[in-house]
Amino acid sequence: MDAEWTAGSRNGAGLCRRLRAAGFRGSLRVVTQWATRRRRSEMAPDGRSRKRPSARAIARMMTLRRDRLTRDEAFTVAQIEHGVPQRAEAAALVDDFQNMFRRAAASTS
């Protein structure tokens, strides 16, 4: 999506059509929400979202896999990790814990 955005495709519906032609199976809603967040972040003077995330949102971001985070969320997590280096170690432990449960659930299915 970043490449299409950079190439000038700023309309959510048009962007979704191009992505679907390339094999994307997500919904129009997902793409338009992403485009709206991207547009808003570009309006902020420092390139970040103006609103600070809540403690609940930060906790969610820090427990999700990296590939499930938006660009802004990944940036927020990176800032937290920079300020609190032990966070990366804690994240690895949480990932291991979650993987343990996923493997257990998969073996019982």
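The coordinates are above.
Everything numeric in this text was worked out from a predicted model, so none of it was measured.

(A) Spatial organisation of the overall build of the protein chain. Scanning the protein chain from N- to C-terminus turns up six helices and zero strands. Along the protein chain, helices (α) and strands (β) appear in the sequence α-α-α-α-α-α when read from the amino end. Its C-alpha atoms give the protein chain a radius of gyration of 17 Å, clearly above 13 Å, the size a compact globule of 109 residues would have. Over its C-alpha atoms, taken along the principal directions, the protein chain stretches across nearly 40 × 40 × 20 Å.

(B) Fine view of the pattern of salt bridges. According to the stated counting rule, one finds one salt bridge in the structure shown. A salt bridge links Glu73 to Arg60; the shortest N-O distance between them is 2.4 Å. Linking Glu73 in helix H5 (residues 71-83) with Arg60 in helix H4 (residues 55-63), this pair joins segments that are 13 residues apart in sequence.

(C) Highlighting the packing of aromatic side chains. Tallying each qualifying case throughout the model produces one aromatic pair. Ring geometry for Phe97 against Phe101: centres 4.9 Å apart, planes inclined by 75 degrees, an arrangement best described as edge-to-face. Within this pair, Phe97 and its partner Phe101 are both found in helix H6 (residues 86-108), separated by four residues, close to a single helical turn. Judged by relative accessible area, Phe97 falls into the partly exposed class, the value being 47%.

(D) Structural view of the nonpolar core. Residues Trp5, Leu15, Cys16, Leu19, Val31, Trp34 and Ala35 constitute the largest nonpolar core, which totals seven residues. For this core, the secondary-structure elements that each account for two or more residues are helix H2 (12-21) and helix H3 (28-43). The residues contacting Val31, other than those within four sequence positions of it, are Met1, Gly12, Leu15, Cys16, Leu19 and Phe24.

(E) Spotlight on H5. With 13 residues, H5 ought to run about 18 Å at 1.5 Å a step, and its terminal C-alpha atoms sit 19 Å apart, in line with that. Along H5, the residues classified as buried are Glu73, Thr76 and Val77. Along H5, the residues classed as buried sweep out an arc of 95 degrees about the axis, all on the same side. Opposite the buried face of H5, by more than 90 degrees, sit the exposed residues Arg71 and His82. Against H4 and H6 lie the buried residues of H5.

(F) Quick peek at a nonpolar patch on the surface. Taken together, the side chains of Phe97, Met100 and Phe101 present a nonpolar region at the surface, about 330 Å² in accessible area. Inspection of the secondary structure assignment puts Met100 in helix H6.

(G) Structural context of the side chain of Arg38. Checked against the element boundaries, Arg38 lands in helix H3. The exposure class of Arg38 is buried, given its relative accessible area of 12%. Leaving out residues up to four positions away in the same chain, Arg38 has contacts with Asp2, Trp5, Thr6 and Arg71.

What counts as what
- Residues numbered from 1 in each chain as written.
- Predicted model: local features only at pLDDT ≥ 70, side-chain atom pairs only at ≥ 80, totals over all residues.
- Heavy atoms only, no water.
- Helix = DSSP H or I, 4+ residues; strand = E, 2+ residues; numbered from the N terminus.
- Rg over C-alpha atoms; globule rule 2.2 N^0.38 Å.
- Salt bridge = Lys/Arg side-chain N within 4 Å of Asp/Glu carboxyl O.
- Phe/Tyr/Trp six-rings, centres within 6.5 Å; stacked < 30°, edge-to-face > 60°.
- Buried < 20%, exposed > 50% of the residue type's maximum accessible area, 1.4 Å probe, protein only.
- Core = buried A, V, L, I, M, F, W, Y, C linked by side-chain atoms within 4.5 Å.
- Contact = heavy atoms within 4.5 Å.
- Expected span 1.5 Å × (residues − 1).
- Arc of directions from axis to C-beta.
- Patch = residues over 30% accessible without salt bridge, like charges linked within 9 Å, V, L, I, M, F, W, Y side chains within 5 Å.
- Areas by Shrake-Rupley, 256 points an atom, 1.4 Å probe, with all protein chains shown as cover.

Such coordinate-based values are descriptive only and should not be taken to indicate function.
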